Amino acid sequence: MASPGPRATAKSLWVAAPLLAAAVLGLAACSPPGQETSDVKGTTPAIKPAPGPGEAETHESAERSDSAKQLTATLKDAAGADVGTVTFAEAGNFVKVSVSAHGLKPGFHGLHVHQTGKCEANSAAQPGGPVGAFLSAGGHMQTGDPKAHPFSGDLPSLDVTKDGNGELVSVTDAFTLADLKVDGGRAVVVHAGPDNFGNIPNRYQASGTAGPDAETLSTGDAGARIACGVVG
């Protein structure tokens, strides 16, 4: 049988070209929008569907919702150096408090949420009052009976190890995340010494009075304020 001549070969190619192009277009039409088909024989690339209408907005809304369930405070010392972070996260009906601190003196340190979200290194709690480190944060936060002890903002003392680092995770139902936002926000304060939470038995006397005196009840005898962070 005679081989096809040049004219027959050219005609065959002219007919096959449109068919091949149609097949390629058909494959591309079957691929999801934005998904390139593989040009390697025998492979099928993984296909991730493009986001449907409203899905991107839903994801952003979820991120905003998660951030609304968590508040943070960056702790700084009186010189303005960063010495740690405190995170308040919603945990069911409780608030989970997580503290990570560094560059502090080893030992126990009183840790409280204070009523005013101001951390001014050289300040007074009120006009005309005494001046000191972070006194602008006011007293301990109290969400219920103002005479109750411990205060709502009293947290377990932070134990700092010999390397100057301290970690604390605690759960409380004494306040909510909403309580941390009122009155312009709150502050977290780290003190120089441990907090005794007013736990002074009546066999001890201060200024002739059995048990804790007013100073102990209001401060827990935790000493000076050495670090502060605004909750936000």
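Re the pairing of strand 4 (residues 107-114)
Turning to step 1, where the next piece is worked out: Of all 8 residues making up strand 4, 6 are buried, and the element is well covered by its neighbours.
Turning to step 2, where the next piece is worked out: Relative to strand 7 (residues 154-160), strand 4 runs antiparallel, the two sharing 5 bridges. Opposite His 112, over in strand 7, you have Asp 154 as the bridge partner.
Turning to step 3, where the next piece is worked out: Two elements, strand 4 and strand 9 (residues 187-191), share 4 bridges in a ladder whose sense is antiparallel. Bridge assignment links His 112 to a residue of strand 9, and that residue is Val 189.

A closer look at the state of the cysteines
Turning to step 1, where the next piece is worked out: Throughout the structure, instances matching the rule amount to 1 disulfide.
Turning to step 2, where the next piece is worked out: Residue Cys 119 pairs covalently with Cys 228 via a disulfide, S to S 2.0 Å. Between Cys 119 and Cys 228 the disulfide shows an S-S torsion of about -65 degrees. By sign, it is left-handed. With Cys 119 in the loop between strand 4 and strand 5 (123-124) and Cys 228 in strand 12 (residues 225-230), this pair connects stretches of sequence that are 109 residues apart.
Turning to step 3, where the next piece is worked out: What makes Cys 228 buried here is its relative accessible area of 2%.

Comments concerning the environment of Gly 84
Turning to step 1, where the next piece is worked out: Its location among the elements puts Gly 84 in strand 2 (residues 82-91).
Turning to step 2, where the next piece is worked out: On the accessibility criterion, Gly 84 (2% relative accessible area) is buried.
Turning to step 3, where the next piece is worked out: Remark: the alpha-carbon pair of Gly 84 and His 102, spanning 18 residues in sequence, is separated by 5.9 Å.

Notes on the packing of aromatic side chains
Both the distance between ring centres and the angle between the ring planes are used here to describe each pair of aromatic rings.
Turning to step 1, where the next piece is worked out: Counted according to the given criterion, the structure contains 1 aromatic pair.
Turning to step 2, where the next piece is worked out: Between Phe 88 and Phe 175, the ring centres sit 6.1 Å apart and the planes meet at 65 degrees, which makes this aromatic pair edge-to-face. Within this pair, whereas Phe 88 is found in strand 2, its partner Phe 175 is found in the loop between strand 8 (166-172) and strand 9, the two being separated by 87 residues in sequence. In this structure, Phe 88 and Phe 175 share a single accessibility class: buried.

Remarks on empty space enclosed by the protein
Turning to step 1, where the next piece is worked out: Enumeration over the complete set of coordinates arrives at 1 cavity of 30 Å³ or more.
Turning to step 2, where the next piece is worked out: When its volume is computed, the largest cavity comes out at roughly 70 Å³.
Turning to step 3, where the next piece is worked out: In this structure, the largest cavity is lined by 13 residues; those nearest its centre are His 149, Asp 154, Phe 197, Gly 198 and Leu 217.
Turning to step 4, where the next piece is worked out: In terms of residue count, the dominant contributor to the lining of the largest cavity is helix 3 (residues 214-219) (4 residues).
Turning to step 5, where the next piece is worked out: Of the residues assigned to the lining of the largest cavity, the class counts are 4 nonpolar, 7 polar and 2 charged.

Some remarks on the nonpolar core
Turning to step 1, where the next piece is worked out: Ranked by size, the top nonpolar core spans 25 residues in total, and within it Val 86, Phe 88, Val 97, Phe 175, Leu 180 and Val 188 carry the most contacts.
Turning to step 2, where the next piece is worked out: Those elements that provide at least two residues to this core are strand 1 (70-77), strand 2, strand 3 (94-101), strand 4, strand 7 and strand 9.
Turning to step 3, where the next piece is worked out: By residue number, the principal contributor to this core is strand 3, which donates 4 residues.
Turning to step 4, where the next piece is worked out: Those residues in contact with Leu 180, other than ones at most four positions away along the chain, are Leu 71, Phe 88, Val 113, Met 141, Phe 175, Gly 185, Arg 186 and Val 231.
Turning to step 5, where the next piece is worked out: Formed by 5 residues, the second largest nonpolar core is a distinct cluster that contains Phe 134, Ala 187, Val 189 and Cys 228.

What counts as what
All residue numbers refer to position in the chain's written sequence, counted from 1. Local features in this predicted model are restricted to residues of pLDDT 70 or higher, and side-chain atom pairs are both shown and tallied only at a pLDDT of 80 or more, whereas totals for entire chains, interfaces and linings draw on every residue. To obtain the side-chain values, all non-hydrogen atoms of the structure were used and water was disregarded. With a 1.4 Å probe rolled over the protein chains alone, any residue whose accessible area is under 20% of its type maximum counts as buried; one over 50% counts as exposed, and the rest are partly exposed. Helix and strand assignments follow DSSP, with helices taken as H or I runs no shorter than four residues and strands as E runs no shorter than two, numbered in order from the N terminus. One bridge is not enough; two strands pair if DSSP finds at least two bridges between them. Note on terminology: disulfide denotes any pair of cysteine sulfur atoms within 2.5 Å. We call Phe, Tyr and Trp rings a pair once their centres come within 6.5 Å, taking the six-membered ring for Trp, and we label the pair stacked below 30 degrees between planes, edge-to-face above 60, and tilted otherwise. Think of a 1 Å grid over just the protein atoms. A cavity is a set of points where a 1.4 Å probe fits yet cannot get out, a pocket is an open set with protein on both sides within 12 Å along at least five of seven lines, and lining residues have an atom within 4 Å of a point. Grid points are joined across faces, edges and corners, and a volume is the space filled by probe spheres set on the points. Throughout, the ten residues Ala, Val, Leu, Ile, Met, Phe, Trp, Tyr, Cys and Pro are labelled nonpolar, Asp, Glu, Lys and Arg are labelled charged, and all others, Gly among them, are labelled polar. Buried Ala, Val, Leu, Ile, Met, Phe, Trp, Tyr and Cys residues that are joined via side-chain atoms within 4.5 Å together make up what is termed a nonpolar core. Only heavy atoms matter for contacts: two residues are in contact if any of them lie within 4.5 Å across the pair.

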